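Coordinates in review
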Amino acid sequence: MGAIIEQSFENSTLANLSKAFEATWEVLHTRNPPRDAEAEDDLRLAVSGKLLQLAANGVTDPKELQNRVLESLDGNSPAGAEKTLSERLRNW
């Protein structure tokens, strides 16, 4: 799923990450609910990791964080159209 990010964030960034996670999770869970507990855990970890990666690169606006995560999982691109959500997560 990627490298572990060892970085500390300000409280405001942590609050923004939390907001972005909740908003992103709601969209993903509504669009494509995980089929089982393991898939749900994998998705939560992937979304969390992606959000942390984006924040480590300076993206801290909750809406921008959400948009970037959702765009990175978008199956509408030619390369991702046939891939399931699980397959796209593996390529993160």
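Look a little higher up for the structure.
Residues numbered from 1 in each chain as written. Predicted model: local features only at pLDDT ≥ 70, side-chain atom pairs only at ≥ 80, totals over all residues. Heavy atoms only, no water.

Pairing between side chains of opposite charge can happen when the charged atoms of each approach one another. Throughout the structure, instances matching the rule amount to two salt bridges. A salt bridge links arginine 44 to glutamate 40, with the nearest nitrogen and oxygen atoms 3.6 Å apart. Of this pair, arginine 44 and glutamate 40 both sit in helix H2 (residues 37–56), four residues apart, roughly one helical turn. The exposure class assigned to arginine 44 is partly exposed, which follows from its relative accessible area of 31%. Look at glutamate 40 and you get partly exposed, because its relative accessible area is 24%. (Salt bridge = Lys/Arg side-chain N within 4 Å of Asp/Glu carboxyl O. Helix = DSSP H or I, 4+ residues; strand = E, 2+ residues; numbered from the N terminus. Buried < 20%, exposed > 50% of the residue type's maximum accessible area, 1.4 Å probe, protein only.)

Bringing the packing of aromatic side chains into the picture now. Going through the model one piece at a time under the given rule, you end up with one aromatic pair. Their ring planes at 5 degrees and their centres at 6.1 Å tell us that phenylalanine 21 and tryptophan 25 sit as a pair that is stacked. A residue pair is termed a helical-turn pair when its members lie 3 or 4 positions apart in one helix, as phenylalanine 21 and tryptophan 25 do in helix H1 (residues 11–31) at four residues. You can call phenylalanine 21 buried: its relative accessible area is 11%. Positioned over the ring face of tryptophan 25 is arginine 44, at 4.2 Å from the centre of the ring. (Phe/Tyr/Trp six-rings, centres within 6.5 Å; stacked < 30°, edge-to-face > 60°. Lys NZ or Arg CZ within 6 Å of the ring centre and 35° of its normal.)

Turning our attention to the side chain of threonine 13. Residue position: threonine 13 is located in helix H1. Setting aside anything within four residues of it in sequence, one finds threonine 13 in contact with Ala55 and Thr60. (Contact = heavy atoms within 4.5 Å.)

Before going further, it helps to examine the packing of H2 against helix H3 (residues 62–72). Running from N to C, H2 and H3 point in directions that differ by 125 degrees, and their axes come no closer than 10 Å. Here H3 runs oblique to H2, going by the angle between their axes. Crossing angle aside, the handedness with which H2 passes H3 is right-handed. Counted together, Val47, Lys50, Leu51, Leu54 and Ala55 of H2 and Leu65, Arg68, Val69 and Ser72 of H3 form the full contact between these two elements. (Axes fitted to C-alpha atoms, helices over the stretch in contact; angles between N-to-C directions. Parallel < 35°, antiparallel > 145°, perpendicular 65-115°, else oblique. Left-handed = near helix turned anticlockwise from the far one by under 90°.)

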